[in-house]
Amino acid sequence: MNLEEIKQAAEILRNAKRIAVLTGAGISAESGVPTFRGKDGLWRQFRAEDLATPEAFSRDPKLVWEWYNWRRGLVGKVEPNPAHQTLAKWETVFPEFALITQNVDGLHARAGSKNILELHGNVWKLRCTKEDTVTENYASPLGDLPPLCPSCGEMLRPHVVWFGESLDPNILHRAFSLCSLCEVMLVIGTSAFVQPASSLPLYASDAGAKIIEINPDPTPLTSYANLSLQGKAGEILPLIDQFMSF
Ligand code: OAD
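Predicted, not measured: the structure shown is a model, and the values here were computed from it.

The domain architecture assigned to the chain consists of domain 1 (3–33 + 80–120 + 167–242) and domain 2 (38–77 + 127–160). Residue-level contacts link 6 residues of domain 1 with 6 residues of domain 2. Where domain 1 touches domain 2, the interface holds 0 salt bridges. Inspection of the domain 1/domain 2 interface yields 1 residue pair in polar contact (both at pLDDT 80 or more). Looking at side-chain class alone, the side of domain 1 that touches domain 2 contains 2 nonpolar, 2 polar and 2 charged residues.

Attention now moves to the pairing of strand E6 (residues 156–160). Counting buried residues in E6 gives 4 out of 5 residues, a clear majority hidden from the surface. The pairing of strand E4 (residues 121–128) with E6 spans 5 bridges and is classified as antiparallel. Bridging across to E6, Leu126 finds its partner in Pro158.

As a further point, take helix H8 (residues 169–181). For H8, which comprises 13 residues, the first-to-last C-alpha distance of 18 Å matches the rise-based estimate of 18 Å (1.5 Å per residue) to within 8%. All buried positions along H8 are accounted for by Leu172, Ala175 and Cys179. Angularly, the buried residues of H8 cover 60° about the axis, an arc narrow enough to put them on a single face. What points out from H8, more than 90 degrees from its buried face, is the exposed set Pro169, Asn170, His173 and Leu181. Residues of H8 that are buried make contact with strand E2 (96–101), strand E3 (116–118), strand E7 (184–188) and helix H9 (200–206). Residue Asp168 occupies the N-cap position of H8, its side-chain oxygen lying 2.8 Å from the main-chain nitrogen of Asn170.

Counted residue by residue, E7 has 5 buried out of 5 residues, so it is predominantly covered. Judged by which residues are buried, E7 turns out to be covered on both faces: Val184, Leu186 and Ile188 on one side and Met185 and Val187 on the other are all buried. Where strand E1 (residues 18–23) lies against E7, 5 bridges are found, and the strand directions are parallel. Bridging across to E7, Thr23 finds its partner in Ile188.

Taken together, 3 strands build an open sheet; the order of strands is E5-E4-E6 and the sheet is antiparallel. Sheet topology places strand E5 (134–136) and E6 at the edges, where each strand pairs with a single neighbour. When strand polarity is set aside, the average angle formed by the axes of neighbouring strands in this sheet is 45°. In terms of strand pairing, E4 meets E5 through 3 bridges, oriented antiparallel. Bridged to Lys125 within E5 is Glu136.

About the thresholds
Residues numbered from 1 in each chain as written. Predicted model: local features only at pLDDT ≥ 70, side-chain atom pairs only at ≥ 80, totals over all residues. Heavy atoms only, no water. Domains from an automatic or database assignment. Contact = heavy atoms within 4.5 Å. Salt bridge = Lys/Arg side-chain N within 4 Å of Asp/Glu carboxyl O. Polar contact = N/O pair within 3.5 Å; in protein donor to acceptor, adjacent residues only side chain to side chain. Nonpolar A, V, L, I, M, F, W, Y, C, P; charged D, E, K, R; others polar. Buried < 20%, exposed > 50% of the residue type's maximum accessible area, 1.4 Å probe, protein only. Helix = DSSP H or I, 4+ residues; strand = E, 2+ residues; numbered from the N terminus. Pairing = 2+ DSSP bridges. Expected span 1.5 Å × (residues − 1). Arc of directions from axis to C-beta. Axes fitted to C-alpha atoms, helices over the stretch in contact; angles between N-to-C directions.

Rendered as structure tokens:
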């Protein structure tokens, strides 16, 4: 890790009023949540087609729910790490601080962040397949699978975006709008492979924002970043915070 670059990041952030952050699975890795595409990543152990598509759910809702039940159990047992905590702190410090996440684990909220745009949904939310109503449910494990809607009796599904589905257009619109207005965009722990999330930093960059990436490995975004900090989010973010000396 290069301390000069950490100081530069602190300087860029200290001088900014409007900051947007995009996070991905890597920010939760140090909490013990597997990423998707890393060495032990979920998409190396499981086939997305079997577990994370509308077709998979129609074919075998119980199997899909068993997988989400397992993931809920996993993320329910871990704690937010210093990266989540630093972002939660910064929300209270910067005049405009927007957190956009691809993660469905709910760890940003548990760290205390309030203003969160969840692009891909949240495993702690369930949606009625008939009425589209969304409810929070923290039971872990869930009882009989698939769970049924208490109001109409139809199946509930995880309130997450599956492959082949569109993101909520309101959330996406707000995310692009935040990116068009921010002065600095932090991109943390994402492989930047999944659209449309991965185009948000490019959109921000085109609109004049400085891009700071934090990731142990290079990504397709690295060459566009003004500053690329190679390392773990849980180590780098608290260090930047120290150099900002709030
Ligand atoms: P990926 O698993 O594709 O990428 C995780 C990134 O985190 C990689 O670039 C790692 O190098 C990096 N990383 C690992 N440990 C880190 C650490 N300690 N600090 C910082 N970075 C670290 O996860 P995402 O980019 O989030 O979609 O994947 C995007 C989407 O693909 C997910 O939201 C999910 C998945 O299919 C849906 O479920 C719809």
